[in-house]
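Examination of the molecular architecture
Here are the chains, one letter per residue:
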Amino acid sequence: MGKRIKKLKKIRIHREGTNTLLWGFIALAAIALLLWRSFDSKIPFAAFIIIFGTVYAIVLNFFRCPVRYFPQEDTDNIVVAPADGKIVVVEEVDEDEYFHDRRLMISIFMSLWNVHANWFPVDGQVKSVQHRNGNFHKAWLPKASEENEHADVLITTPDGVDILCRQIAGAVARRIVTYAKEGEDCYIDEHLGFIKFGSRVDVYLPLGTEVCVKMGQSTTGDQTVIAKLRNA
């Protein structure tokens with residue numbers, strides 16, 4: 001597609017976590033100060049700092065957002081992992097909402113410890129963006145793909161291949177953020193969205209696509225090549 005446009009902001013903590021982290025820090029600092037001044041013994045203060053400081057560190061780790069660029073300039077037919085996590089599904093499925101045919105589905109489960117920013121898996125143009133309300137089953141279960149709350153981003157590649165990227169809420173994740181806008185060009189290296197806490201991302205690809213990952217394999221968003229499309 002020629003020289004790709006880079007719109008990725010150089011941020012280390014994702015903007016989706018800014019308010020959570022700021023107000024959380026203020027609340028923790030206020031309570032810690034109160035405990036320090038209210039008790040002669042510093043045990044309550046120390047216990048609070050250890051327990052809730054650890055919780056805050058976990059949340060801080062969750063909202064980290066490393067700056068990444070795909071190492072190859074040529075991205076034709078390349079499908080990269082849209083998320084950090086682990087491959088939990090590689091199978092053919094019937095997709096009856098958009099394509100009405102058989103598709104290859106590759107699913108990545110994101111645990112609490114993974115980066116939860118999502119990247120566009122291919123270069124192309126956003127064809128549609130749809131949000132569906134639903135349940136909050138555990139994200140690794142097969143029924144989560146269709147029954148859980150999810151956001152669908154349909155993308156057409158420069159070669160005219162349509163792929164679907166689905167952000168899925170899990171048992172803990174209750175908020176899906178999607179930055180993709182219908183009609184906009186999109187590129188590998190750009191953020192598609194963000195899912196708060198444990199969740200999953202599915203990618204639906206045409207049959208005959210070359211799979212480059214295996215079950216249980218760890219993925220790095222915007223870095224791991226998960227598949228290669230056939231020429232249209």
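Refer to the preceding data block for the structure.
What you see is a predicted model, and the numbers here were worked out from it, not measured in a lab. (Residues numbered from 1 in each chain as written. Predicted model: local features only at pLDDT ≥ 70, side-chain atom pairs only at ≥ 80, totals over all residues. Heavy atoms only, no water.)

1. Notes on the overall build of the protein
In terms of helices and strands, the protein carries 3 helices and 14 strands. The buried share of the protein, taken over its 232 residues, is 47%. By sequence separation, contacts in the protein at least 24 residues apart represent 74% of the contacts at least 6 residues apart. When the accessible area of the protein is evaluated, it comes to approximately 11,600 Å², of which 56% is carbon and sulfur surface. (Helix = DSSP H or I, 4+ residues; strand = E, 2+ residues; numbered from the N terminus. Buried < 20%, exposed > 50% of the residue type's maximum accessible area, 1.4 Å probe, protein only. Contact = heavy atoms within 4.5 Å. Areas by Shrake-Rupley, 256 points an atom, 1.4 Å probe, with all protein chains shown as cover.)

2. What to know about the nonpolar core
Membership of the largest hydrophobic core comes to 30 residues, with the highest contact counts inside it found for Val79, Ile106, Phe120, Ile163, Leu205 and Ile226. Those elements that place two or more of their residues in this core are strand S3 (101–110), strand S6 (150–156), strand S7 (162–169), strand S10 (191–195), strand S11 (199–205) and strand S14 (225–228). Setting aside its immediate chain neighbours within four residues, Ile226 contacts Val79, Val80, Ala81, Pro82, Ile106, Val203, Glu210, Val211, Cys212 and Val213. Core analysis: the second largest hydrophobic core is formed by 11 residues, Cys65, Val115, Trp119 and Phe194 among them. (Core = buried A, V, L, I, M, F, W, Y, C linked by side-chain atoms within 4.5 Å.)

3. Thoughts on the environment of His116
Within the secondary structure, His116 is located in the loop between S3 and strand S4 (117–119). It is 8.8 Å that separates the C-alpha atoms of His116 and Gly193, two residues lying 77 residues apart in sequence. In this structure the side chain of His116 is engaged in a polar contact, spanning 2.8 Å, whose partner is the backbone oxygen of Asn114. (Polar contact = N/O pair within 3.5 Å; in protein donor to acceptor, adjacent residues only side chain to side chain.)

4. With respect to the pattern of salt bridges
Once their charged atoms are close, side chains differing in charge can pair, the charge on each being opposite to the other. Applying the stated criterion across every chain yields a total of 9 salt bridges. The salt bridge partner of Arg132 is Glu97, with a shortest N-O separation of 2.8 Å. With Arg132 in strand S5 (residues 124–132) and Glu97 in the loop between strand S2 (85–95) and S3, this residue pair connects regions lying 35 residues apart in the sequence. Taking relative accessible area as the criterion, Arg132 reaches 30% and is therefore assigned partly exposed. (Salt bridge = Lys/Arg side-chain N within 4 Å of Asp/Glu carboxyl O.)

5. Notes on helix H1 (residues 18–38)
Here H1 is 21 residues long and its end C-alpha atoms lie 30 Å apart, about the 30 Å a rise of 1.5 Å per residue gives. Among all positions of H1, only Leu21, Ala32 and Leu35 are buried. Buried residues of H1, seen end-on, are gathered within an arc of 65 degrees and therefore sit on one face of the element. Across from the buried face of H1, at angles greater than 90 degrees, the exposed residues are Asn19, Trp23, Leu34 and Arg37. (Expected span 1.5 Å × (residues − 1). Arc of directions from axis to C-beta.)

6. Concerning the sheet that holds strand S8 (residues 176–178)
A sheet is described by the order of its strands in space; here 3 strands give the open sequence S4-S10-S8, paired in antiparallel fashion. Edge strands, defined here as strands with exactly one partner in the open sheet, are S4 and S8. In this sheet, neighbouring strand axes are inclined to one another by 20 degrees on average, regardless of whether the strands run parallel or antiparallel. (Pairing = 2+ DSSP bridges. Axes fitted to C-alpha atoms, helices over the stretch in contact; angles between N-to-C directions.)

7. Observations concerning the sheet that holds strand S12 (residues 210–211)
Pairing in this open sheet of 3 strands is antiparallel, and the strands run S1-S14-S12 from one edge to the other. Two strands in the sheet have a free side with no partner beyond their single neighbour: strand S1 (78–80) and S12. In this sheet, S14 lies alongside S1 in antiparallel orientation, the contact comprising 3 bridges. Within S14, the residue paired with Ile78 across the bridge is Lys228.

Don't take any of this as a statement about function, it's just geometry.
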